[in-house]
Amino acid sequence: DWRWPFLRIADFLKAADLTFANLENPVSNRGSRVGSIYSFRANPRTLAGLTYAGGDVGSVANNHIWDYGRQAFLDTLTHLQENQIDAVGAGLDYTQTHAGVIKTVGDTKIGYLAYTNLLPQNLAAQVDSAGVSYLVVDTMIQDIQAMRPLVDILVTSFHMGDEYHTTHNVEQEKVFHQAIDSGADLVIGHHPHVVEEVEKYRGGYIAYSLGNFIFDQNFSKETMSGLAFKAYIKNKKLDHVEEIPISISSQSQAFLEKN
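Residues numbered from 1 in each chain as written. Predicted model: local features only at pLDDT ≥ 70, side-chain atom pairs only at ≥ 80, totals over all residues. Heavy atoms only, no water.

**Things to note about helix α3 (residues 69–82)**
For α3, which comprises 14 residues, the first-to-last C-alpha distance of 20 Å matches the rise-based estimate of 20 Å (1.5 Å per residue) to within 8%. On the buried face of α3, the contacting elements are α2 (47–52), β3 (86–88), β4 (90–91) and β7 (131–132). Looking one or two residues beyond α3, the residue adopting positive phi is Q84, at roughly 60°. (Helix = DSSP H or I, 4+ residues; strand = E, 2+ residues; numbered from the N terminus. Expected span 1.5 Å × (residues − 1). Contact = heavy atoms within 4.5 Å.)

Structural data, given as structure tokens:
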């Protein structure tokens, strides 16, 4: 049952107008492993679970998206598109990658941009070649400033930080503050595999790390917990956010802690 990991939380996720997550694996039946011993690849049929759970936008700017090479990376973009899930943080060329994704809910436009600095820089999208959105701060600022006039709410996603650290580091704080200073409303962080702090900064909100969600790191309470970040928009502006604790069962099902 490809819906299995989401069965206990799908109703909660589908209740949102837009649901965003970090998708930390290529989705493909092809390619050869080029990553570490911890290399991930998902059967394309697993996307039935994401669509069942109401997934709308997925960041693929992370350190595992290239685990099975260029072919699997390109397949991921195709399979997501076929399942009506927008991929952000990667594209077929530089322009597409750095334009991000814009979604419309009612009369409100929400923009998404995503970055990582945890892959070799030669895997970044180029003028005429596919790749990821590699984090270069000056480029990030330009992207945010270009998107800002086109949207009402701007979300930035970052795959960076120290694994298994429950507090953020100096680089995260500097980059995430720069994102909001440049025009972002929300900063969503991931990679540490554990929850880090949430900060309100200059009218925006930062989740330094949401921790795990659908994952099988059952060696500690911290890695079997996560955070859902629920943003409320009122009159085309970010009104407030809600931090909602998530737990992961030994069978890799995510569920709300309060249940």
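Having seen it, we continue.
**Let's talk about the layout of surface pockets**
One number sums up the size of the second largest pocket: a volume of about 370 Å³. Around the second largest pocket sit 17 residues that line it, and L77, Q81, D86, A87 and Q96 are the ones nearest its centre. Where the lining of the second largest pocket is concerned, the elements lending two or more residues are α3, β3, β4 and α4 (94–99). Considering only residue class, the lining of the second largest pocket consists of eight nonpolar, eight polar and one charged. (1 Å grid on protein atoms, 1.4 Å probe; cavity = no way out; pocket = protein on both sides within 12 Å on 5 of 7 lines; lining within 4 Å. Points joined across faces, edges and corners; volume = space filled by probe spheres on them. Nonpolar A, V, L, I, M, F, W, Y, C, P; charged D, E, K, R; others polar.)

**What to know about the sheet that holds strand β5 (residues 101–105)**
If you trace the six strands from one edge of the open sheet to the other, you get β5-β6-β8-β9-β11-β10, paired in mixed fashion. Lying at the two open borders of the sheet, with one neighbouring strand each, are β5 and β10 (198–201). Direction aside, the axes of adjacent strands within the sheet are offset by 20° on average. Across five bridges, the pairing between strand β8 (residues 153–159) and strand β9 (residues 186–190) is parallel. What sits directly across from V155, in β9, is L186. Strands β5, β6 (108–116) and β8 of the sheet are contacted by helix α5 (residues 137–147), whose axis makes an angle of about 170° with β6. Along the sheet, helix α6 (residues 170–182) makes contact with β8, β9, β10 and β11 (204–207), crossing β11 at roughly 155°. (Pairing = 2+ DSSP bridges. Axes fitted to C-alpha atoms, helices over the stretch in contact; angles between N-to-C directions.)

**Examining the environment of Y205**
Structurally, Y205 is set in strand β11. Setting aside anything within four residues of it in sequence, one finds Y205 in contact with I180, D185, L186, V187, E199, K200, F229, L238, D239, H240 and V241.

**Re unusual backbone geometry**
In this structure, R202 is a non-glycine residue whose phi angle is positive, near 50°. Following the sequence through the fold, R202 ends up in the loop between β10 and β11.

**Looking at the packing of α5 against α6**
Viewed as axis vectors pointing N to C, α5 and α6 meet at an angle of 30°, and their least axial separation amounts to 9 Å. By the angle between their directions, the pair α5 and α6 is classed as roughly parallel. Of the two possible hands of crossing, α5 and α6 adopt the one that is right-handed. Within the contact between the two elements, α5 uses V137, M140, I141, I144 and Q145 and α6 uses V175, Q178, A179 and S182. Residue composition of the contact of α5 with α6, by class: six nonpolar, three polar and no charged. (Parallel < 35°, antiparallel > 145°, perpendicular 65-115°, else oblique. Left-handed = near helix turned anticlockwise from the far one by under 90°.)

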